[in-house]
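# Observations on chain architecture
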Amino acid sequence: MKRTSPVSLIVLGVVAAVAGFLIELALSGAGLAVFIPPLTLPITLVAVSIIVVAFAVPIRRAVRGRSSRAIDPFQAMRIVVLAKACSLSGALLTGLGAGFVAYLLSRAVIPTGSAVWLTVASTIGAVVLLIAGLVAEFLCTIPPDDKNGDPENVHVESS
(Lines give C-alpha, C1' and ligand atoms only; values in the text may rest on other atoms or scores of the structure.)
Protein backbone atom coordinates (compact mmCIF):
# COMPACT_ATOMS: atom_id res chain seq x y z
CA MET A 1 0.00 0.00 0.00
CA LYS A 2 1.35 3.42 -0.91
CA ARG A 3 1.56 6.20 1.62
CA THR A 4 -0.85 9.09 1.33
CA SER A 5 0.58 11.72 -1.00
CA PRO A 6 0.59 15.36 0.06
CA VAL A 7 -0.76 16.38 -3.35
CA SER A 8 -3.93 14.35 -2.89
CA LEU A 9 -4.46 15.84 0.57
CA ILE A 10 -3.95 19.39 -0.69
CA VAL A 11 -6.23 18.91 -3.71
CA LEU A 12 -8.93 17.33 -1.54
CA GLY A 13 -8.66 20.17 0.97
CA VAL A 14 -8.85 22.92 -1.65
CA VAL A 15 -11.82 21.33 -3.44
CA ALA A 16 -13.59 20.89 -0.10
CA ALA A 17 -12.88 24.51 0.90
CA VAL A 18 -14.45 25.79 -2.30
CA ALA A 19 -17.39 23.42 -1.83
CA GLY A 20 -17.83 24.53 1.80
CA PHE A 21 -17.87 28.19 0.83
CA LEU A 22 -20.36 27.54 -1.98
CA ILE A 23 -22.61 25.43 0.27
CA GLU A 24 -22.81 28.23 2.83
CA LEU A 25 -23.41 30.76 0.08
CA ALA A 26 -26.23 28.64 -1.40
CA LEU A 27 -27.84 28.12 2.00
CA SER A 28 -27.84 31.81 2.85
CA GLY A 29 -28.94 32.72 -0.69
CA ALA A 30 -31.95 30.44 -0.29
CA GLY A 31 -32.82 32.13 2.99
CA LEU A 32 -31.88 29.09 5.09
CA ALA A 33 -29.65 28.97 8.13
CA VAL A 34 -25.96 28.39 7.44
CA PHE A 35 -24.35 25.23 8.78
CA ILE A 36 -22.74 25.64 12.19
CA PRO A 37 -21.06 22.45 13.44
CA PRO A 38 -22.04 21.22 16.89
CA LEU A 39 -19.58 21.23 19.79
CA THR A 40 -19.44 17.43 19.71
CA LEU A 41 -17.79 17.40 16.27
CA PRO A 42 -14.33 18.67 17.31
CA ILE A 43 -14.46 16.51 20.44
CA THR A 44 -15.23 13.43 18.36
CA LEU A 45 -12.53 14.22 15.80
CA VAL A 46 -9.89 14.55 18.53
CA ALA A 47 -11.09 11.32 20.18
CA VAL A 48 -10.84 9.43 16.88
CA SER A 49 -7.36 10.90 16.41
CA ILE A 50 -6.22 9.57 19.76
CA ILE A 51 -7.71 6.15 19.06
CA VAL A 52 -6.09 5.73 15.64
CA VAL A 53 -2.64 6.63 16.99
CA ALA A 54 -3.17 4.31 19.96
CA PHE A 55 -3.97 1.47 17.55
CA ALA A 56 -0.78 2.14 15.56
CA VAL A 57 1.65 2.22 18.50
CA PRO A 58 1.68 -1.58 19.15
CA ILE A 59 2.44 -2.18 15.48
CA ARG A 60 5.37 0.23 15.66
CA ARG A 61 6.69 -1.55 18.74
CA ALA A 62 6.45 -4.94 17.05
CA VAL A 63 8.14 -3.69 13.87
CA ARG A 64 11.01 -2.15 15.81
CA GLY A 65 11.47 -5.28 17.93
CA ARG A 66 10.50 -3.63 21.21
CA SER A 67 7.61 -6.03 21.73
CA SER A 68 7.64 -9.81 21.72
CA ARG A 69 3.94 -9.99 20.91
CA ALA A 70 3.16 -11.05 17.35
CA ILE A 71 0.98 -8.76 15.28
CA ASP A 72 -1.71 -10.14 13.03
CA PRO A 73 -0.96 -8.87 9.50
CA PHE A 74 -4.66 -8.43 8.75
CA GLN A 75 -5.06 -6.31 11.87
CA ALA A 76 -2.05 -4.23 10.83
CA MET A 77 -3.52 -3.72 7.37
CA ARG A 78 -6.85 -2.63 8.84
CA ILE A 79 -5.09 -0.08 11.02
CA VAL A 80 -3.12 1.28 8.05
CA VAL A 81 -6.35 1.62 6.06
CA LEU A 82 -7.98 3.36 9.03
CA ALA A 83 -5.01 5.74 9.24
CA LYS A 84 -5.26 6.51 5.52
CA ALA A 85 -9.01 7.08 5.85
CA CYS A 86 -8.40 9.44 8.77
CA SER A 87 -5.88 11.49 6.83
CA LEU A 88 -8.16 11.76 3.79
CA SER A 89 -11.28 12.57 5.80
CA GLY A 90 -9.24 15.00 7.90
CA ALA A 91 -8.20 16.82 4.72
CA LEU A 92 -11.80 16.86 3.51
CA LEU A 93 -13.18 18.18 6.81
CA THR A 94 -10.35 20.72 7.11
CA GLY A 95 -11.22 22.09 3.70
CA LEU A 96 -14.93 22.21 4.48
CA GLY A 97 -14.25 23.94 7.78
CA ALA A 98 -11.94 26.46 6.12
CA GLY A 99 -14.64 27.20 3.54
CA PHE A 100 -17.23 27.66 6.28
CA VAL A 101 -14.92 29.97 8.25
CA ALA A 102 -14.07 31.96 5.12
CA TYR A 103 -17.76 32.44 4.40
CA LEU A 104 -18.60 33.48 7.96
CA LEU A 105 -15.74 35.98 8.11
CA SER A 106 -16.44 37.41 4.65
CA ARG A 107 -19.90 38.70 5.60
CA ALA A 108 -20.46 42.39 6.29
CA VAL A 109 -21.88 41.43 9.67
CA ILE A 110 -19.93 38.69 11.43
CA PRO A 111 -22.26 36.26 13.22
CA THR A 112 -22.50 36.78 16.95
CA GLY A 113 -22.30 34.12 19.58
CA SER A 114 -20.36 30.93 19.16
CA ALA A 115 -20.92 30.35 15.43
CA VAL A 116 -17.42 31.34 14.36
CA TRP A 117 -15.72 29.65 17.33
CA LEU A 118 -17.52 26.36 16.79
CA THR A 119 -16.57 26.38 13.12
CA VAL A 120 -12.93 27.18 13.94
CA ALA A 121 -12.86 24.46 16.63
CA SER A 122 -14.23 21.93 14.14
CA THR A 123 -11.58 22.94 11.60
CA ILE A 124 -8.85 22.53 14.23
CA GLY A 125 -10.28 19.11 15.14
CA ALA A 126 -10.13 18.14 11.47
CA VAL A 127 -6.48 19.23 11.27
CA VAL A 128 -5.74 17.08 14.33
CA LEU A 129 -7.44 14.13 12.60
CA LEU A 130 -5.40 14.71 9.46
CA ILE A 131 -2.12 14.82 11.39
CA ALA A 132 -3.04 11.78 13.49
CA GLY A 133 -3.83 9.80 10.36
CA LEU A 134 -0.45 10.65 8.87
CA VAL A 135 1.35 9.83 12.13
CA ALA A 136 -0.45 6.50 12.46
CA GLU A 137 0.38 5.69 8.86
CA PHE A 138 4.04 6.44 9.58
CA LEU A 139 3.97 4.28 12.71
CA CYS A 140 2.77 1.33 10.65
CA THR A 141 5.59 1.64 8.10
CA ILE A 142 7.76 -1.44 7.75
CA PRO A 143 11.48 -0.74 7.33
CA PRO A 144 13.18 -1.98 4.15
CA ASP A 145 14.85 -5.38 4.19
CA ASP A 146 18.35 -3.91 4.09
CA LYS A 147 20.09 -0.54 3.88
CA ASN A 148 20.16 -0.49 0.06
CA GLY A 149 16.55 -1.58 -0.31
CA ASP A 150 17.61 -4.67 -2.29
CA PRO A 151 15.96 -7.79 -0.82
CA GLU A 152 18.37 -10.13 -2.65
CA ASN A 153 21.40 -8.84 -0.74
CA VAL A 154 20.06 -9.60 2.70
CA HIS A 155 22.65 -11.23 4.90
CA VAL A 156 21.19 -13.87 7.17
CA GLU A 157 23.31 -14.99 10.09
CA SER A 158 23.26 -18.66 10.88
CA SER A 159 23.65 -19.90 14.41
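See above for the structure.
Structure report, in brief. This is a predicted model, so every value here is computed, not measured.

## As for the overall build of the chain
What the chain contains, in helices and strands, is 4 helices and 0 strands. Taken from N to C terminus, the helices and strands of the chain fall in the order α-α-α-α. Sorting the 159 residues of the chain into buried and exposed places 30% on the buried side. Taking as baseline every contact in the chain between residues at least 6 positions apart, the subset at least 24 positions apart corresponds to 80%.

## Digging into a nonpolar patch on the surface
Where nonpolar side chains cluster on the molecular surface, the patch consists of Ile10, Val14, Val18, Leu22 and Leu25 and spans about 440 Å² of accessible area. Position of Val14 relative to the elements: it lies in helix 1 (residues 6–29). With relative accessibility at 47%, the residue Val14 sits in the partly exposed group.

## Some details on the layout of surface pockets
Empty space within the largest pocket amounts to approximately 260 Å³. Lining the largest pocket are Met1, Lys2, Arg3, Ile59, Val63, Ala76, Met77, Val80, Glu137, Cys140, Thr141 and Ile142. Every element with two or more residues in the lining of the largest pocket is listed here: helix 2 (40–64) and helix 3 (73–106). Sort the elements by how many residues they give to the lining of the largest pocket and helix 3 lands first, with 3 residues.

## Examining the packing of aromatic side chains
By the definition in use, this model includes 2 aromatic pairs. With centroids separated by 5.7 Å and ring planes inclined at 70 degrees, the aromatic side chains of Phe21 and Tyr103 adopt a geometry described as edge-to-face. On the criterion of sequence distance, the pair formed by Phe21 in helix 1 and Tyr103 in helix 3 is long-range, its members being 82 residues apart. Taking relative accessible area as the criterion, Phe21 reaches 27% and is therefore assigned partly exposed. Assessed through its relative accessible area of 4%, Tyr103 is described here as buried.

## Considerations on the nonpolar core
In this structure, Val52, Ala56, Ile59, Ile79, Ala136 and Cys140 are the most contacted members of the largest nonpolar core, which totals 15 residues. Elements supplying a minimum of two residues to this core: helix 2, helix 3 and helix 4 (115–139). Beyond its immediate sequence surroundings of up to four residues, Ala136 is in contact with Val52, Val53, Ala56 and Ala83.

## Digging into the packing of helix 2 against helix 3
Where helix 2 contacts helix 3, the two axes come as close as 10 Å, and the packing angle between them is 150 degrees. The orientation of helix 2 relative to helix 3 falls into the category roughly antiparallel. In terms of crossing hand, the pair formed by helix 2 and helix 3 is left-handed. On helix 3, the residues that touch Leu45, Val48, Val52, Phe55, Ala56 and Ile59 of helix 2 are Ala76, Ile79, Leu82, Ala83, Cys86 and Leu93. Here the contact of helix 2 with helix 3 is built from residues that sort into 12 nonpolar, no polar and no charged.

## Description of the packing of helix 1 against helix 3
Packing of helix 1 against helix 3 brings their axes to within 7 Å, and their N-to-C directions diverge by 40 degrees. When the interaxial angle is binned, helix 1 and helix 3 end up oblique. As helix 1 packs across helix 3, the resulting crossing turns out to be right-handed. Between helix 1 and helix 3, the contacting residues are Ser8, Leu9, Leu12, Gly13, Ala16, Ala17, Gly20, Phe21, Glu24, Leu25 and Ser28 on the first element and Ser87, Leu88, Ala91, Leu92, Gly95, Leu96, Gly99, Phe100, Ala102, Tyr103 and Ser106 on the second. Looking at the contact of helix 1 with helix 3, its residues break down into 13 nonpolar, 8 polar and 1 charged.

Reading the values: the criteria
Residues numbered from 1 in each chain as written. Predicted model: local features only at pLDDT ≥ 70, side-chain atom pairs only at ≥ 80, totals over all residues. Heavy atoms only, no water. Helix = DSSP H or I, 4+ residues; strand = E, 2+ residues; numbered from the N terminus. Buried < 20%, exposed > 50% of the residue type's maximum accessible area, 1.4 Å probe, protein only. Contact = heavy atoms within 4.5 Å. Patch = residues over 30% accessible without salt bridge, like charges linked within 9 Å, V, L, I, M, F, W, Y side chains within 5 Å. Areas by Shrake-Rupley, 256 points an atom, 1.4 Å probe, with all protein chains shown as cover. Salt bridge = Lys/Arg side-chain N within 4 Å of Asp/Glu carboxyl O. 1 Å grid on protein atoms, 1.4 Å probe; cavity = no way out; pocket = protein on both sides within 12 Å on 5 of 7 lines; lining within 4 Å. Points joined across faces, edges and corners; volume = space filled by probe spheres on them. Phe/Tyr/Trp six-rings, centres within 6.5 Å; stacked < 30°, edge-to-face > 60°. Core = buried A, V, L, I, M, F, W, Y, C linked by side-chain atoms within 4.5 Å. Axes fitted to C-alpha atoms, helices over the stretch in contact; angles between N-to-C directions. Parallel < 35°, antiparallel > 145°, perpendicular 65-115°, else oblique. Left-handed = near helix turned anticlockwise from the far one by under 90°. Nonpolar A, V, L, I, M, F, W, Y, C, P; charged D, E, K, R; others polar.

By themselves these figures say nothing about function.
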